[in-house]
Amino acid sequence: MKFSVTVTLKKDVLDPQGKVVQNTLFNLGLKNLKNIRQGKYFEIEINEQDEKKAENMINEMCQKLLVNLIIEDYQINKLQ
Amino acid sequence: MKSSVIVFPGSNCDRDIAVALEKMQFKNQMIWHKETTLPKSDLIVIPGGFSYGDYLRSGAIAGKSLIIDEVIKAANDGCLILGICNGFQILTETGLLKGTLLRNKNLKFINKDVHVKVTNNKTKFSSKYKINQILKLNVAHNEGNYFTDSFHLETLKKENLIAFQYCDKFGNINNQANPNGAIQNIAGIYNSKKNILGMMPHPERMVDKLISNTDGINLFSSLIN
Amino acid sequence: MQITNKIIEKHGLKIDEYKKIQKLLKRDPNLLELGIFSAMWNEHCSYKSSRIHLKKLPTKGKQVIQGPGENAGVIDIGDDDAIIFKIESHNHPSYIEPYQGAATGVGGILRDVFTMGARPIALLNSIHFGAPDHPKTKNLLNGVVSGIGGYGNCIGVPTVAGETKFNETYNENILVNAMAVGHAKKSKIFYSKAKGINKAVVYVGSKTGRDGIHGASMASAEFDENSDEKKPTVQVGDPFTEKLLLEACLELMKDDSIIAIQDMGAAGLTSSSVEMASKGSLGIELELDKVPCREENMTPYEMMLSESQERMLIILEDGKEERAKKIFDKWDLDFVIIGKTTNTKNLTMKYKNIIHGEIPIDALATKAPIYDRKWIRKKPSKCEVNLKNLKKIKLEEGLIKVLSSPNHSNKSWITNQYDQMVMCDTVQRSGSDAAIIRIHNTEKAIAVTVDSSANYCKSHPISGGKQIVCENWRNLISVGAKPLAITNCLNFGNPENSEIMGEFAECLSGIKEACEFLNYPIVSGNVSFYNGTNKKNIFPTPVIGGVGLISKLKKPIGQYFKAENSFIIVVGKTFGHIEQSCFLKENFSITDGSPPETNLTNEKNNGEAVLNLINKDLVLTAHDVSSGGLIIGLCEMSIYSGVGIKINKPKILSNLIEYFFGEDQGRYILEVNTENINKVEKILKSNNIYYENIGKTQSKYFEIEGEMKSDINELYKINNQWYNDFNAVTNK
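About the thresholds
Residue numbers here run from 1 along each chain, matching the order of that chain's written sequence. Lettering for chains starts from A, numbering for ligands starts from 1, and both go in the order in which the items are written. Per-residue local features of the predicted model are confined to residues with pLDDT of at least 70, and side-chain atom pairs are confined, for both listing and counting, to 80 or more; whole-chain, interface and lining totals are unaffected and use all residues. Heavy atoms throughout the structure, all of them, feed into the side-chain values; hydrogens and water do not. For the purposes of this entry, the term helix denotes a DSSP run of H or I that reaches at least four residues, the term strand denotes a run of E that reaches at least two, and both are numbered from the N terminus. The atom set for the radius of gyration is the C-alpha atoms, and the globule formula is 2.2 Å times the number of residues raised to the power 0.38. Relative accessibility thresholds used throughout: buried, under 20% of the residue-type maximum; exposed, over 50%; partly exposed, between the two (1.4 Å probe, protein chains only). Contacts were defined at the residue level, with two residues in contact if any of their heavy atoms lie within 4.5 Å. Calculation of accessible area relied on Shrake-Rupley with a 1.4 Å probe; when residues are assessed, cover is drawn exclusively from the protein chains displayed. Within this scheme the basic residues Lys and Arg register as positive and the acidic residues Asp and Glu register as negative, but His and the chain ends are omitted. The atoms used to mark charge sites are NZ of Lys, CZ of Arg, CG of Asp and CD of Glu. Buried area: the sum, over both parts, of the accessible surface (1.4 Å probe) that disappears when the two are put together. The term salt bridge refers to a pairing of a side-chain nitrogen on Lys or Arg with a carboxyl oxygen on Asp or Glu at a separation within 4 Å. Polar contact is defined as a pair of N or O atoms within 3.5 Å, subject to the rule that within protein one atom must be able to donate a hydrogen and the other to accept it, and that residues adjacent in sequence are counted only when both atoms are side-chain atoms. Polar here means any residue other than Ala, Val, Leu, Ile, Met, Phe, Trp, Tyr, Cys and Pro, which are nonpolar, and Asp, Glu, Lys and Arg, which are charged; Gly is therefore polar. Between the N-to-C directions of two axes lies an angle of 0 to 180 degrees, each axis being a line fitted to C-alpha atoms and, for a helix, fitted only over the stretch in contact. Handedness of a crossing follows from how the near helix is turned relative to the far one, being left-handed for an anticlockwise turn of less than a right angle and right-handed for a clockwise one. In this text, buried Ala, Val, Leu, Ile, Met, Phe, Trp, Tyr and Cys residues form a nonpolar core when linked through side-chain atoms within 4.5 Å. Note on pairing: DSSP must find at least two bridges between two strands before they are called paired. Pairing of aromatic rings covers Phe, Tyr and the six-membered ring of Trp, with a centre-to-centre limit of 6.5 Å; geometry is then stacked below 30 degrees between planes, edge-to-face above 60, and tilted otherwise. The rule is short: NZ of Lys or CZ of Arg within 6 Å of the ring centre and within 35 degrees of the ring normal puts a charge over the ring.

### Details of the overall build of chain C
Part 1 of the argument: Secondary structure summary: chain C contains 25 helices and 26 strands in total.
Part 2 of the argument: On C-alpha atoms alone, chain C measures out to a radius of gyration of 26 Å, which is about the 27 Å that the 2.2 N^0.38 rule sets for 732 residues.
Part 3 of the argument: With the C-alpha coordinates of chain C rotated into their principal frame, the extents come out at 85 × 50 × 50 Å.
Part 4 of the argument: Across the 732 residues in chain C, those meeting the buried criterion constitute 64%.
Part 5 of the argument: Excluding contacts between residues fewer than 6 apart, the proportion of contacts in chain C whose partners are at least 24 apart in sequence is 84%.
Part 6 of the argument: Accessible surface for chain C amounts to roughly 26700 Å². Of this, 48% is attributable to carbon and sulfur atoms.
Part 7 of the argument: For chain C, the separation between the mean place of its 88 positive charges and that of its 88 negative charges on side chains is 4 Å.

Have a look at this one:
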């Protein structure tokens, strides 16, 4: 089974990178731009047929390693 | 010789290079990135640092700044361009130099003195060095791991466009002497017209005996000739 | 909203303190006001437990331009040059999020220095972690080191010196202390004292977010129905913005637009505005609608208490707004007039034209509580260690144990992650007793170092306090600098515990005694209490940062031997004090006993003599003797230089372990060539300095007559192995 995990900074946490990218795009003429937040994206394939179990495993990966829970949130999506 | 140092928000070796250039008798000007015209210069330096905080990709955002269009124009007219460290990263982002700089293979920032070998001494940047001369220079970077495709790598070799290669103190080019994982131990390269040099080590940090050594001086004295 | 006892408690205030607030206001505070009192009256801002002890410290001297009480201390280094410096802790945030905690610690201390008009020229740090095998240590260590590097490297200030230590006392509470040193012209120093009424109060820098709002208080669901959304968020450092802020401030400081300037550090807008108004005996009125906010719908409470980084508050002279705004526009930073100074002596907070809170400034500052907390003296350790009762250990075996230990292993894997060279004025990088930084465009330099000795302080706080000051002083002497002044970061446990308060009081009295004797005043500092968990407090860990002056810069001598066949001289007497030594700790896990006594008279005389020898160019190399004793000192000088040594059998002590591993204070190891040896001995003798001629340098062997002979390359490997093993093991 294949999943994607999107990691983003929590809502109120400062995102210096996103801020600079946003200003640059704005200066390049993309004036309708409202907000940009930068994050990370993972694609993960695992050998597990049971969807519930698989999702639990991905969840565990996120909690244990992929995500810094102090400053980041994450979202899991099933791809295949 | 007239030189211009481009200053981006987050540049932090701009003063260091200016000091070195002035010491070597260049008439130097600092150019703020928001300016849209460049004074006539024989040499344009893009200094080290963390332009725009290295956010997104190092060099990416500076590569989109207003002044860069002027730098590209000047480069095409044959002006000498030197990009050091972040300046090298910016030059690859603009396409003036091919290839890219990946994260160091140990995934850590590295600051130390390393040895490099002068691979080509027949350019305006290196004529005062001997061929295969071993220099001790300082590196300070997170993304100094030069990478390019095999086709371009062949061109670099065939056209003698590799400027410096990391080596040990005896001049051996090997893995142990490679601080960041750069392909073929490449520490600096030229464009095909050899008027643009991008390099990761900091020659401007090596012009004062009291601070380090003077191995960087000949790069500037080559240019002044 | 009704202020309940629970809300008071959540704000970290005691009921007595709340009653005092009611009395000062002559009414109940509202929530905003309560939040402000809580921020200003907490230990960090008010120094309520420490103040009566801090007052006793020597803070004056001919070299002192500004002592404690400003953003940082200022000293005079001759001509029109001043050095501005301070050390500060960021312990708790670094334990929660090591990278960001350490990074914002560096950012905060840099702001303290450039707020006063100085260009930062050096960063230092003192970091303490738990036992290496504690499950959290690896992550914390790597995170903190990357965070320190990440911030300093990006902003372009060299990180030149520091110390990294491990002890299980820090398992649940690491220490991250960062020190910044800056250079300014004496005639261009900026202070935080407001002057004049109706002057513009300007907010510059980053926008305000809900960062770190009021740590302890915000978790309560009773505050607000949306409590989950309002939990304190970790502060994220943005060194890029700080670099812009630094350049913009220094640009604005070129003329006299600024009346007063204050960094928004802990308790952000609150403490910065109160500080400036209080010093000027003025009032300040803020229009909070104007505060640049990062998030929507921020409340006055959040704006006043946010700890978002990279912000400053400036009071401007009339008519300078336009010029100032132009500068901040150039650097893409917010510049907003958010208020004015008043003659009301109140902090007035308006939002949408309504006054949301109004507090007399002195209630927040000078009338904040001060406690004379109960403290008890430490009983001296009764335990006496007798080597005769322990298993016999050979010199070489003992040496290898210490060299390969986490605390004594080489730390270049850390310092290689810090840019030490940027600014091109670093004359001596790490790998010496102190770093040397040239004052740009001059022939002068300063030497800087940080030191701590928590195990000494735990065992005997007075001796420990004295010892750190002296070790710091020695480190500066060893590189040929005249020690001028210090900054201190006092990391202690819970001050409400009388034993801990005793450690604090006694450490300080030791520090005071040494500083007075050495004419080595304290010009800035920071107190960090409540380090530890419920019942377990950390060892008392005062950290001393020192600055010394080299008036005529030469190529530094460093601590690595220069040549074979030189004489090796030890200045200061070796008594063989083995208790509290790292020999006992690493070989027998014995941590009892008393620390070595520090004799201030010897310390001063020995130091001045050594400095004299260095200034006269009579020594090739100098190194102070500290943790690990003589043998570790010799090892550090030898194995990184490629030059070996041959040491004679000691004439004065029969026990070799005590002689070589004893940690007696006031000692230096000098390398002297044949040509100068007579001169050196003559000068030492004529000054009544005790010294020993212990042997000579030789090629590649580390040799002690009749005891050991090892290849220095082997010892080098042993000294560099620990981190590799540590990373390899815990990576599994």
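On we go from here.
### Some points on the interface of chain A and chain C
Part 1 of the argument: Taken together, the contact between chain A and chain C spans 10 residues of the former and 16 residues of the latter.
Part 2 of the argument: For the pair chain A and chain C, the summed buried area comes to about 1200 Å², and 56% of that belongs to carbon and sulfur atoms.
Part 3 of the argument: Considering only the surface of chain A that becomes buried against chain C, Asp12, Leu14 and Ile70 of chain A emerge as the three largest contributors, covering 50% of it.
Part 4 of the argument: Across the chain A-chain C interface, the total number found is two salt bridges.
Part 5 of the argument: When the shortest N-O distance is used, the salt bridge between Lys19 of chain A and Asp238 of chain C registers 3.1 Å.
Part 6 of the argument: Inspection of the chain A/chain C interface yields five residue pairs in polar contact (both at pLDDT 80 or more).
Part 7 of the argument: Of the residues in the side of chain A that touches chain C, the class split is six nonpolar, one polar and three charged.

### Considerations on the packing of helix α7 (residues 98-114) of chain C against helix α8 (residues 137-155) of chain C
Residues and elements named next belong to chain C.
Part 1 of the argument: Interhelical geometry of α7 versus α8 gives an angle of 40° and a closest axis separation of 7 Å. Crossing geometry of α7 relative to α8 is assigned as right-handed. Facing Pro98, Tyr99, Ala102, Ala103, Val106, Gly107, Leu110 and Arg111 of α7, the residues of α8 in contact are Asn139, Leu140, Gly143, Val144, Ser146, Gly147, Ile148, Gly150, Tyr151, Gly152 and Ile155.
Part 2 of the argument: Along the lines of polarity and charge, the residues of the contact of α7 with α8 split into 11 nonpolar, seven polar and one charged.

### Observations concerning the nonpolar core
Part 1 of the argument: If you look at the biggest cluster of nonpolar residues, it comprises 189 residues, and the most contacted ones within it are Leu82, Phe164 and Phe220 of chain B together with Phe328 and Leu670 of chain C.
Part 2 of the argument: For this core, the element with the highest residue contribution is helix α18 (residues 498-518) of chain C, accounting for nine residues.
Part 3 of the argument: With near-sequence residues (within four places) excluded, Phe164 of chain B lies in contact with Val116, Lys117, Val118, Thr119, Leu135, Asn185, Ile186, Ala187, Gly188, Leu197, Met199 and Leu219 of chain B.
Part 4 of the argument: Counting residues in hydrophobic clusters, the runner-up holds 50 residues, among them Ile259, Ala267, Met276 and Met303 of chain C.

### With respect to the sheet that holds strand β20 (residues 567-571) of chain C
All names here are of chain C.
Part 1 of the argument: What the seven strands build is an open sheet, ordered β21-β23-β20-β24-β22-β25-β26; its pairing is mixed. Each edge of the sheet is formed by a strand with only one pairing partner; in this case those strands are β21 (621-624) and β26 (708-711). Ignoring strand direction, the axes of neighbouring strands in this sheet form an average angle of 20°.
Part 2 of the argument: Pairing of strand β25 (residues 701-704) with β26 involves four bridges; the strand directions are antiparallel. Among the inter-strand pairings, Glu703 is bridged to a residue of β26, identified as Lys709.
Part 3 of the argument: In the packing of helix α24 (residues 712-719) onto the sheet, contacts are made with β22 (643-647), β25 and β26, and the angle to β26 comes to roughly 75°.

### Looking at the packing of aromatic side chains
Part 1 of the argument: Under the counting rule described, the total for this entry stands at 21 aromatic pairs over all chains.
Part 2 of the argument: Ring centres 4.7 Å apart and planes at 35° place the aromatic pair Phe583 of chain C and Phe661 of chain C in the tilted group. Within this pair, whereas Phe583 of chain C is found in helix α19 (residues 582-588), its partner Phe661 of chain C is found in helix α22 (residues 656-661), the two being separated by 78 residues in sequence.
Part 3 of the argument: Its relative accessible area of 0% is what places Phe661 of chain C among the buried residues.
Part 4 of the argument: On the basis of an interplanar angle of 40° and a centroid distance of 6.3 Å, the ring pair of Tyr723 of chain C and Phe726 of chain C is categorised as tilted. Residue Tyr723 of chain C and its partner Phe726 of chain C are located together in helix α25 (residues 722-731), separated by three residues, close to a single helical turn. An identical accessibility class is assigned to Tyr723 of chain C and Phe726 of chain C; each is buried.
Part 5 of the argument: Of the aromatic side chains, those joined through ring pairs into one cluster are Phe129, Phe166, Trp413, Trp722, Tyr723 and Phe726 of chain C.
Part 6 of the argument: Stacked on the ring of Phe26 of chain A, the Lys or Arg Lys31 of chain A has its end atom at 4.6 Å from the ring centre.
Part 7 of the argument: Against the face of Phe567 of chain C rests Lys696 of chain C, its NZ or CZ located 4.5 Å from the ring centre.

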